[in-house]
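# Examination of the molecular architecture
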Amino acid sequence: MDNKFSDTSRYSDIMHLSHHNSEKHPRMSMSDRAAQFSPFAALRSFGSAVSEAARLTEERHDTDEDWKEMLNSRLCVIQEHISEHPEITVIYFIPDERKSGGAYISFTGRVKKLDTIKNMIVFSDKTEIHFDDISDISGQLFSGLEEYDC
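Read on for an overview of the structure.

Parameters at a glance
- Residues numbered from 1 in each chain as written.
- Predicted model: local features only at pLDDT ≥ 70, side-chain atom pairs only at ≥ 80, totals over all residues.
- Heavy atoms only, no water.
- Helix = DSSP H or I, 4+ residues; strand = E, 2+ residues; numbered from the N terminus.
- Buried < 20%, exposed > 50% of the residue type's maximum accessible area, 1.4 Å probe, protein only.
- Areas by Shrake-Rupley, 256 points an atom, 1.4 Å probe, with all protein chains shown as cover.
- Core = buried A, V, L, I, M, F, W, Y, C linked by side-chain atoms within 4.5 Å.
- Contact = heavy atoms within 4.5 Å.
- Pairing = 2+ DSSP bridges.
- Axes fitted to C-alpha atoms, helices over the stretch in contact; angles between N-to-C directions.
- Expected span 1.5 Å × (residues − 1).
- Phe/Tyr/Trp six-rings, centres within 6.5 Å; stacked < 30°, edge-to-face > 60°.
- Lys NZ or Arg CZ within 6 Å of the ring centre and 35° of its normal.

Moving on: the overall build of the chain. Assigned secondary structure in the chain consists of three helices and five strands. The helix and strand sequence of the chain, counted from the amino end, reads α-α-α-β-β-β-β-β. A total of 150 residues make up the chain; the buried ones form 22% of that total. Of the roughly 12200 Å² of accessible surface on the chain, 53% is carried by carbon and sulfur atoms.

Here it is, written out as structure tokens:
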């Protein structure tokens, strides 16, 4: 079967001519030539939708009463040593703005104050973490402590 595109005899008279250069219009670069077809991106937002769907979130874990008591006792220890601005590491939950669930984040910093009105830890760099979002508190301040009553 003959391929109609393999027959070059019909164009043999023009195949070896040099490329025409316009005197009025400068030659378009390859990237500019390709760009004239790019505005037709029918699935432009499809990539971002796929990325958003693939982004993973975690579910918030419920803490039991014993764990809540331990966290509360550590907040009491922090309050007793607040003038020293102790350095602690807090693991806390941040809800996702677009999907259900969120992420657990670890933050280390020096405590400026415990705001008992807003129920949050305020750090020296002005980071604020709500007590209800905390899943763990650790640091040198707590070494050797088993349990502490407020």
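Once you've had a look at it, read on.
The subject of this paragraph is the nonpolar core. In this structure, I78, I88, V90, V111, I121, F123 and I137 are the most contacted members of the largest nonpolar core, which totals 19 residues. Put simply, the parts of the chain that give this core at least two residues each are α3 (65-80), β1 (87-95), β2 (102-115), β3 (120-123) and β5 (134-138). Not counting the four nearest positions on each side in its chain, I121 is found in contact with L75, I88, V90, V111, K113, L114, T127, E128, I129, F131 and I134.

This brings us to the sheet that holds β3. Strand order in this open sheet of five strands is β4-β3-β2-β1-β5, and the pairing throughout is antiparallel. Each of the sheet's edge strands pairs with one partner strand only, and the pair in question is β4 (128-130) and β5. Each adjacent strand pair in this sheet contributes to an overall mean axis angle of 35 degrees, direction not counted. The pairing of β1 with β5 spans four bridges and is antiparallel. Within β5, the residue paired with Y92 across the bridge is I134.

Taking 1.5 Å of rise per residue, 16 residues should cover 22 Å, and α3 covers 23 Å from first to last C-alpha, within 8% of that figure. Within α3, burial applies to M70, L71, S73, R74, L75, C76, V77 and I78. Where α3 is buried, its residues contact β1, β2, β3 and β5.

Moving on to the packing of aromatic side chains. For the structure shown, the criterion picks out two aromatic pairs. The interplanar angle of 70 degrees and the centroid separation of 4.8 Å between the aromatic rings of F107 and F123 together place this pair among those described as edge-to-face. Here the residue F107 occupies a position in strand β2, and F123 occupies one in strand β3, the gap between them amounting to 16 residues. Like F123, F107 is buried. Sitting over the ring of F142, R74 keeps its end group 4.8 Å from the ring centre.

A few words now on the environment of H85. Mapped onto the secondary structure, H85 falls in the loop between α3 and β1. A residue is classified by how much of its surface remains accessible, and H85, at 34% relative accessible area, is partly exposed. Taking the C-alpha atoms as reference, H85 lies 9.2 Å from G109; in sequence the two are 24 residues apart. Among residues more than four places away in sequence, those in contact with H85 are R110, V111 and K112.

From the geometry alone we can't say anything about function, so treat these as descriptive.
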